[in-house]
Structures are given as structure tokens and as C-alpha cells.
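Summary of structural features
If you want the building blocks of each chain, they are given just below.
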Amino acid sequence: MSEQSLPDDVRAEHADALPEYADALPEYAERVLDVAERIPPGRVMTYGDVAEWLEEGGPRQVGRVMSLYGGAVPWWRVVRADGVLLPGHELEALGRYRAEGTPLKEASRAAEDHLPRLDMRRARWDGGERAESHT
């Protein structure tokens, strides 16, 4: 299984357990997931952006939280800084990006997988609502 999210069939199978499970989340994980939920459709934040926004942890800690708990939030909006789509979830993420109108850079002909990357300059969200909504 990829580190980014639980497959849909696993999430559906355990959906009734999620409220109980959510109570057991570490406080840092709750904060990371809250940021992921705030990212507007069509925009993204890097793992490092999330850590910086929280003023705690770093990209690896955010990535770990997303890999363990991110299946219930818009995980595709928390991304690598280089704009490469999440390995193992490229096609699902790409479909979501296209549905949301997230800016993409089409792959070059030389690209091995021919998948686009995120256009980080245009897609990156700075968490502009932080002052109003961050507690």
C-alpha cells in the first residue's frame, strides 16, 4: 500500500470505525489533517508548507501523518515540492487535479511516465486564511 492514503475499499470497510479512530489521533496529526482540509480545491501545499504553517515539525513529519491518517482528507492537495505526482496514486490524483482545475505542467516527450506535474508556481496555496482560522 502507498504511504499517502488508504484505498477506497479499505476506507469504506472501516468507515463506521472512523469516529472512534479519530478520537485516538495524536494532536499533531489532527493539526496536519486540519490544514489539509483547509486547502481550497485547485490549490496545493507542500509537506514543508504545512509544517511551516503549523510552525512545528518538518516535511517528513507531515508526510508521515499523511501516510498514516490522510485517507479521510483531500490528501492529493498535500504534495511534494517538485510537483511530481504521488507514486502509487498518480492516476487518482491526476483525475482529482483535473476535476478541480489544479494547474498542471504537461509532461515532456522525454518523461518516462508521460504524466504531468503540478505547476507549483500557480497551484501553491500560501494558507492565506491563517490569521482568521488558525487557532
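Reading guide: rules and limits
Residues numbered from 1 in each chain as written. Predicted model: local features only at pLDDT ≥ 70, side-chain atom pairs only at ≥ 80, totals over all residues. Heavy atoms only, no water. Core = buried A, V, L, I, M, F, W, Y, C linked by side-chain atoms within 4.5 Å. Buried < 20%, exposed > 50% of the residue type's maximum accessible area, 1.4 Å probe, protein only. Helix = DSSP H or I, 4+ residues; strand = E, 2+ residues; numbered from the N terminus. Contact = heavy atoms within 4.5 Å. Salt bridge = Lys/Arg side-chain N within 4 Å of Asp/Glu carboxyl O. Phe/Tyr/Trp six-rings, centres within 6.5 Å; stacked < 30°, edge-to-face > 60°. Lys NZ or Arg CZ within 6 Å of the ring centre and 35° of its normal.

For the chain, the name recorded in an unreviewed UniProt entry is MGMT family protein, with Streptomyces cellulosae as its organism.

As a further point, take the nonpolar core. Soluble globular proteins: nonpolar side chains tend toward being buried together. If you look at the biggest cluster of nonpolar residues, it comprises 34 residues, and the most contacted ones within it are Val-32, Val-50, Val-62, Met-66, Val-78, Tyr-97 and Leu-118. The set of elements that each furnish at least two residues to this core consists of α3 (27–38), α4 (47–54), α5 (59–69), β2 (78–79), α6 (90–100) and α7 (120–123). The element best represented in this core is α3, accounting for six residues. Leave out the neighbours within four places in its chain, and Val-50 touches Val-32, Val-35, Met-45, Val-62 and Val-78.

A separate point is the pattern of salt bridges. All chains considered together, the criterion is met by eight salt bridges. In this structure, Arg-38 and Asp-34 form a salt bridge, with 2.7 Å as the shortest nitrogen-oxygen distance. A residue pair is termed a helical-turn pair when its members lie 3 or 4 positions apart in one helix, as Arg-38 and Asp-34 do in helix α3 at four residues. Given a relative accessible area of 30%, Asp-34 falls into the partly exposed group. In this structure, a network of salt bridges that share partners links the residues Glu-27, Arg-31 and Glu-56.

Time to look at the packing of aromatic side chains. Two aromatic rings are characterised by how far apart their centres lie and by the angle between their planes. Tallied over the entire structure, the rule returns one aromatic pair. A ring pair is formed by Trp-75 and Trp-76, whose centres lie 5.6 Å apart and whose planes are at 85°; its orientation type is edge-to-face. Its guanidinium or amino end placed over the ring of Trp-76, Arg-96 lies 4.0 Å from that ring's centre, counting from NZ or CZ.

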